[in-house]
Structure formats: structure tokens, C-alpha cells
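# What the coordinates show
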Amino acid sequence: MSMPTASYAERRTALASRAACYLELAKPRIAALVLVTVAVAAFVGSWTRPDPLLLLHTLVGTALIAASASALNQWIERHSDALMARTADRPLPAGRISASEVLLVGVVAAAAAVLYLGAVVNWLTAMIGLLTWFLYVVVYTPLKALTPANTVVGAVAGALPVLMGWTAVGAPLALSAGGLKAATLFFIVYLWQFPHFMAIAWIYRDQYAAARLQMLTVVDPTGRRAGVQAIVAALALLPVSLLPAFDRLAGPVYIVGALLLSGIYLYYSTQFFLDRSELSARRLLRASLVYLPALLALFMLVPLI
């Protein structure tokens, strides 16, 4: 009895280890933030509570897209990941899972996600999901080894899920038909990423350089260009976050809240530019992680306040 028991325990341990590898490949914290933007867009686009089952289908399909993109991002970057302390223990560079398995599962998950979204949500949402996946995996990830402009493409891929949530509930994309909110949400998420990315790129600049990834902080080791990019994006967020007020979609509570949040984000972006230290970068990173959820929550409450 001891051998079968031991064998069962070993199999259970192996399955738990494999599940942990897949969970790490999916980058659950990033996926969770993506799903929040999709849910907010669905709520705002429906003007009331969206159909719970439709929202669930949308979130499941989006989660599959995000998991596939993250896994294939790591498949492409497995060699450079091995050169950075922050990523060397990921499943692929650490050898806990094979590259061929990740490639197969990543491609199958992407195909399943597109078909699933097309069948149970709608094909426009599915195509936006496919475009998101393509930009992240096929364009953004390889560009990281070639040019610091990779961030511009990566930010588009990061903001497109907003349009998935919007179209999932049948809301129009045309500005003349109420799509101003969709555009506002898209550009809020798009611009938010630049200070966020620049902070990360500064903190890990030496590791990115060792991996030969062309982040802006590697191309310009002074950090001046990264600081300027953070300030420009944070400045642009001030008027963009107020667009609902210009269209009479928001009241004074939203205006004050958006101004306060965007002002704080600009302050920490400016401090990062002036100081360019790890401390200022980490403060900006923490501010970015507060700013987006808080502003999205405020945006979702626009009709109420």
C-alpha cells in the first residue's frame, strides 16, 4: 500500500507544480487588471448593469486571450528572461516546463478564446481580442529587443481590452453615437501605462540592459527621456480624464475626483523626472497602481454623480 500511496502523492505534487507553472505563465495580476478594465467598459457601455451571463462570457474569453498572450510573451523572451534576476525563475527559463508545451498551449488558448468570444459574445469583440493578442505577441514582444518605441505598441495592446468590454454589450464605437466614453476609457488606460512602464523600466534598467532589451532607460541611461515621457502622458491625462464633463456626462464630484487623481499622478511623474532615483520610481509605480483603479471606479459612477 505504501508504493501506490507514494505514487499518488507524487502525481498530486506534480500536478500542483504544473498548475502553478501555468498560473505563473498567465501573469494573473496583469490579467486581473485587464479584466477590471473590460468589466468597467461593459458597465459604462450598457448604461445600466450588463447581462451577468454575457459579462461572464466576455471575461472568460478575455482571460484566455490575456493568458495566451502572457504565456507566448514568455515563450519568445525565455532566453532574455534567463538573463534577468526578476524573471530568471519563471517556469520557462527555470526549466520547469518545456518551450514546446507553452507554445502549443498558448496558440490553442488564443484560438479557443477567439472562437469562444465570436460564438457566445459577438465577432467584433472577438476580432478586437485577436488584434490585442497580435499586437502584444507578434509586434510588441519582438520590438522590445529592437527599439524603445515598443512601449507605444504595448500601450495600445494594453488599452484595447476596454473596447472588448464596450462592444460586448453592443455599445456603439462611433463618437457621434455615444462612443466618446469608449474613446475616453481607451485613452485613459493608454496614457496611464507610460508613467507606469517608465517607473518599472528605471527600477530594472540594469537587468534590461543585461538582457539586451531596448527599453528607453537602456537607450538613455540618464532617464531624462523616460521622465519626459512620464510627464507628457500624465499631463495628457488631465484633459482626457475630464472629457465626460465636456460632454455633460459627469458632475462636479467626478470632475474634482478626476482632477485630484490626475494631479497626484502628475506630481509623482514630475518627481520621477526631477529625481530619477529608485525611490521616486517606486513611488510613481505605487501611484500608478492606485490611480487607474480609482479613476475607473469614479468613471463607472459618472451617471450617478
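In this report, we go over the structure that sits alongside the text. (Residues numbered from 1 in each chain as written. Predicted model: local features only at pLDDT ≥ 70, side-chain atom pairs only at ≥ 80, totals over all residues. Heavy atoms only, no water.)

## Description of the overall build of the protein chain
The test is simple: The secondary structure listing takes helices from DSSP runs of H or I that are at least 4 residues long and strands from runs of E that are at least 2 residues long, numbered from the N terminus. Only protein chains enter the accessibility calculation, which uses a 1.4 Å probe. A residue is then buried if its area is under 20% of the maximum for its type, exposed if over 50%, and partly exposed in between. Contacts were defined at the residue level, with two residues in contact if any of their heavy atoms lie within 4.5 Å.
Secondary structure assignment for the protein chain yields 15 helices and zero strands. Across the 305 residues that make up the protein chain, the buried fraction comes to 48%. The contacts of the protein chain with a sequence gap of at least 6 include a subset with a gap of at least 24, amounting to 73%.

## Examining the environment of V34
With respect to the secondary-structure elements, V34 resides in helix α2 (residues 28-46). Distance from V34 to L160, taken between C-alpha atoms, is 9.5 Å for residues 126 residues apart in sequence. Setting aside chain neighbours within four positions, we find V34 in contact with T62 and P161.

## Focus on the pattern of salt bridges
Note the following rule: Salt bridge, as used here: a side-chain nitrogen of Lys or Arg that lies within 4 Å of a carboxyl oxygen of Asp or Glu.
Tallied over the full model, the rule gives six salt bridges. The partner of E101 in a salt bridge is R18, with the nearest N and O atoms 2.9 Å apart. Placement of the pair is E101 in helix α5 (residues 99-120) and R18 in helix α1 (residues 2-25), with a sequence separation of 83 residues. Judged by relative accessible area, E101 falls into the partly exposed class, the value being 22%. Here R18 falls in the partly exposed class, since its relative accessible area comes to 34%. Connected through salt bridges with shared partners, the residues E24, D89 and R96 form a single ionic network.

## Let's talk about the nonpolar core
Let me state the cut-off plainly: Within this scheme, the nonpolar core is defined by two criteria: the residues are buried Ala, Val, Leu, Ile, Met, Phe, Trp, Tyr or Cys, and they are joined through side-chain atoms within 4.5 Å.
Membership of the largest hydrophobic core comes to 71 residues, with the highest contact counts inside it found for L185 and F272. In terms of residue count, helix α9 (residues 180-203) provides more of this core than any other element does, 15 residues in total. Those residues in contact with L185 that sit more than four places away from it in its chain are V40, A41, V44, V162, L296 and F299. By size, the runner-up hydrophobic cluster in this structure holds six residues, among which are C21, L25, L92 and V102.

## Some points on unusual backbone geometry
We note that K27 has phi near 50 degrees; this positive angle belongs to a residue other than glycine. Among the structural elements, K27 can be located in the loop between α1 and α2.

## Examining α2
Cut-off, in case you're wondering: How far a helix is expected to stretch is found by multiplying one less than its residue total by 1.5 Å.
Helix length check: α2, at 19 residues, gives a terminal C-alpha distance of 27 Å against a target of 27 Å (1.5 Å per residue), a fit within 8%. The set of residues buried in α2 consists of A31, V34, T37, V38, A39, V40, A41, A42, V44, G45 and S46. Buried residues in α2 make contact with α3 (52-76), α8 (161-168), α9 and α15 (278-300). Looking one or two residues beyond α2, the residue adopting positive phi is W47, at roughly 65 degrees.

## Re the packing of helix α6 (residues 123-143) against α8
Selection rule: Each axis is a line fitted through C-alpha atoms, and for a helix only the stretch in contact is used; angles between axes span 0 to 180 degrees, taken between their N-to-C directions. Roughly parallel covers angles under 35 degrees, roughly antiparallel covers those over 145, roughly perpendicular covers 65 to 115, and oblique covers all other angles. Amino acid classes used here: Ala, Val, Leu, Ile, Met, Phe, Trp, Tyr, Cys and Pro are nonpolar; Asp, Glu, Lys and Arg are charged; the rest, including Gly, are polar.
Where α6 meets α8, the axes come as close as 9 Å, and the angle between the chain directions of the two elements is 175 degrees. Regarding the angle of α6 to α8, the classification is roughly antiparallel. Contact residues: L124, T125, I128, G129 and T132 in α6; P161, L163, M164, T167 and A168 in α8. In terms of residue class, the contact of α6 with α8 is built from six nonpolar, four polar and no charged.

## Overview of a nonpolar patch on the surface
Here is the rule we go by: Exposure above 30% relative accessible area and the lack of any salt bridge qualify a residue for a patch; like charges then connect within 9 Å, and the nonpolar side chains Val, Leu, Ile, Met, Phe, Trp and Tyr within 5 Å. Surface accessibility follows the Shrake-Rupley procedure with a 1.4 Å probe radius. Residue values consider only the protein chains on display as shielding.
A contiguous nonpolar patch, built from L53, L56, V60 and L64 and spanning about 320 Å² of accessible area, is present on the exposed surface. Considering the arrangement of structural elements, one finds L56 in helix α3. Using a relative accessible area of 46% as the deciding quantity, one classes L56 as partly exposed.

## Details of the packing of aromatic side chains
Defined as follows: Only centres within 6.5 Å qualify two rings of Phe, Tyr or Trp (six-membered ring in Trp) as a pair; their planes then separate them into stacked at under 30 degrees, edge-to-face at over 60, and tilted for everything else. A ring is scored as having a charge over it whenever the NZ atom of a lysine or the CZ atom of an arginine sits within 6 Å of its centre and within 35 degrees of its normal.
Scanning the model with the defined rule gives eight aromatic pairs in all. Between Y190 and F194 the ring centres are 5.2 Å apart and the planes differ by 75 degrees, which places this aromatic pair in the edge-to-face class. A residue pair is termed a helical-turn pair when its members lie 3 or 4 positions apart in one helix, as Y190 and F194 do in helix α9 at four residues. With a relative accessible area of 6%, F194 lands in the buried category. Where W202 meets F272, the ring centres are 6.3 Å apart and the plane angle is 75 degrees; that geometry is what we call edge-to-face. One end of the pair, W202, is in helix α9; the other, F272, is in helix α14 (residues 252-275), with 70 residues separating them in the sequence. Judged by its relative accessible area of 5%, W202 is buried. An aromatic cluster is built from F186, F187, Y190 and F194, whose rings are joined through pairwise contacts. Over the ring of W202 we find R205, and its NZ or CZ is 3.9 Å from the ring centre. Geometry around F273 places R276 over its ring, the cationic atom sitting 5.8 Å from the centre.

Function cannot be inferred from these measures alone, as they are strictly geometric.
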